[in-house]
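Structural overview for review
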Amino acid sequence: RAPSCTPPGLQQPEYEVEADLGAGVEIRRYETYAACTTALETGSEALPFPDLVASVDAWDALSAYISGENDQGASIAMTTPVSVGDGAMSFALGGGVDAQGAPMPNSPRVLVTEVAAARVATKEFPGFATEGECERQLALL
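A few points on the structure. Just so it is clear, the structure is predicted and the values come from calculations on it, not from any experiment.

1. Things to note about the pattern of salt bridges
In total, this model carries five salt bridges according to the counting rule given. Put simply, arginine 29 and glutamate 18 hold a salt bridge, and the shortest N to O gap is 3.2 Å. Residue arginine 29 is located in strand β2 (residues 25-30), and its partner glutamate 18 is located in strand β1 (residues 15-22); the two are separated by 11 residues in the primary sequence. Under the relative-accessibility criterion, arginine 29 is labelled partly exposed at 35%.

This is the structure:
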């Protein structure tokens, strides 16, 4: 069963809540942070639930990176947010890791980047963050 809110103690980039709109929707101002990113590759539309297959595949690639599949063999703290959109999935990097000091991924599918400070609308929801589910949640806004 998926949690319906952020578990206590999970690391997050620094942000300020500018507005709480109710129903799990907040307007947040995030500071700059590092993230690891990979493309959502469906492989074959003939598969059942190709959107879900792509999300699980991307999650596995990013999880492997933060679990030590990098040039330093270093584990990096799991964080929120997990971002899905524009054909990619990203994990914010925890533990004070910045993009310049982050270990290099072993997989060519995983990139480490700096995410610029931004003002965003967020909505927590349970389940898998597939592109389709994110689009449905966005439509609810």
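From this point, things continue past the structure.
2. A few points about the packing of aromatic side chains
For the coordinates displayed, the defined rule picks out three aromatic pairs. Seen in terms of ring centroids, tyrosine 30 and tyrosine 33 are 6.0 Å apart; in terms of plane orientation they differ by 55 degrees. Their pairing is tilted. Tyrosine 33 carries the same exposure label as tyrosine 30, and that label is buried. Taken together, a centroid distance of 4.8 Å and an interplanar angle of 70 degrees make the contact between tryptophan 59 and phenylalanine 91 edge-to-face.

3. Brief notes about a nonpolar patch on the surface
Judged by side-chain polarity, Leu52, Val56 and Phe128 come together as a nonpolar surface patch covering roughly 260 Å² of accessible area. Here phenylalanine 128 shows up in the loop between β7 (118-123) and α2 (131-140).

4. What to know about unusual backbone geometry
Although it is not a glycine, alanine 23 adopts a positive phi angle of roughly 55 degrees. Position of alanine 23 relative to the elements: it lies in the loop between β1 and β2. Here alanine 23 falls in the exposed class, since its relative accessible area comes to 67%.

5. A few points about the sheet that holds β7
With respect to topology, three strands assemble into an open sheet ordered β1-β2-β7, the strand pairing being antiparallel. Unpaired on one side and paired on the other, β1 and β7 mark the two borders of the sheet. Averaged over all pairs of adjacent strands, the angle between strand axes in this sheet comes to 20 degrees, irrespective of strand direction. Where β1 and β2 come together, six bridges link them in antiparallel fashion. Its bridge partner lying in β2, valine 17 is registered against arginine 28.

6. Focus on the sheet that holds strand β6 (residues 111-115)
Pairing is antiparallel in the open sheet, where four strands are placed in the order β4-β5-β3-β6. Each having just a single partner strand, β4 (82-85) and β6 make up the two edges of the open sheet. In this sheet, neighbouring strand axes are inclined to one another by 30 degrees on average, regardless of whether the strands run parallel or antiparallel. Direction of pairing for strand β3 (residues 33-39) relative to strand β5 (residues 88-92): antiparallel, over a ladder of five bridges. When the bridges of β5 are listed, alanine 39 appears paired with alanine 88.

7. Regarding the side chain of asparagine 70
Following the sequence through the fold, asparagine 70 ends up in the loop between α1 (50-66) and β4. Overall, asparagine 70 belongs to the buried group, its relative accessible area being 4%. Separated by 3.0 Å, the side chain of asparagine 70 and the backbone oxygen of tyrosine 65 make a polar contact. A distance of 2.7 Å separates the side chain of asparagine 70 from the backbone oxygen of alanine 74, its partner in a polar contact. Apart from residues no more than four positions distant in its own chain, asparagine 70 is found in contact with Tyr65, Pro103, Met104, Pro105 and Asn106.

The rules behind the values
- Residues numbered from 1 in each chain as written.
- Predicted model: local features only at pLDDT ≥ 70, side-chain atom pairs only at ≥ 80, totals over all residues.
- Heavy atoms only, no water.
- Salt bridge = Lys/Arg side-chain N within 4 Å of Asp/Glu carboxyl O.
- Helix = DSSP H or I, 4+ residues; strand = E, 2+ residues; numbered from the N terminus.
- Buried < 20%, exposed > 50% of the residue type's maximum accessible area, 1.4 Å probe, protein only.
- Phe/Tyr/Trp six-rings, centres within 6.5 Å; stacked < 30°, edge-to-face > 60°.
- Patch = residues over 30% accessible without salt bridge, like charges linked within 9 Å, V, L, I, M, F, W, Y side chains within 5 Å.
- Areas by Shrake-Rupley, 256 points an atom, 1.4 Å probe, with all protein chains shown as cover.
- Pairing = 2+ DSSP bridges.
- Axes fitted to C-alpha atoms, helices over the stretch in contact; angles between N-to-C directions.
- Polar contact = N/O pair within 3.5 Å; in protein donor to acceptor, adjacent residues only side chain to side chain.
- Contact = heavy atoms within 4.5 Å.

The values are spatial; any link to function lies outside them.
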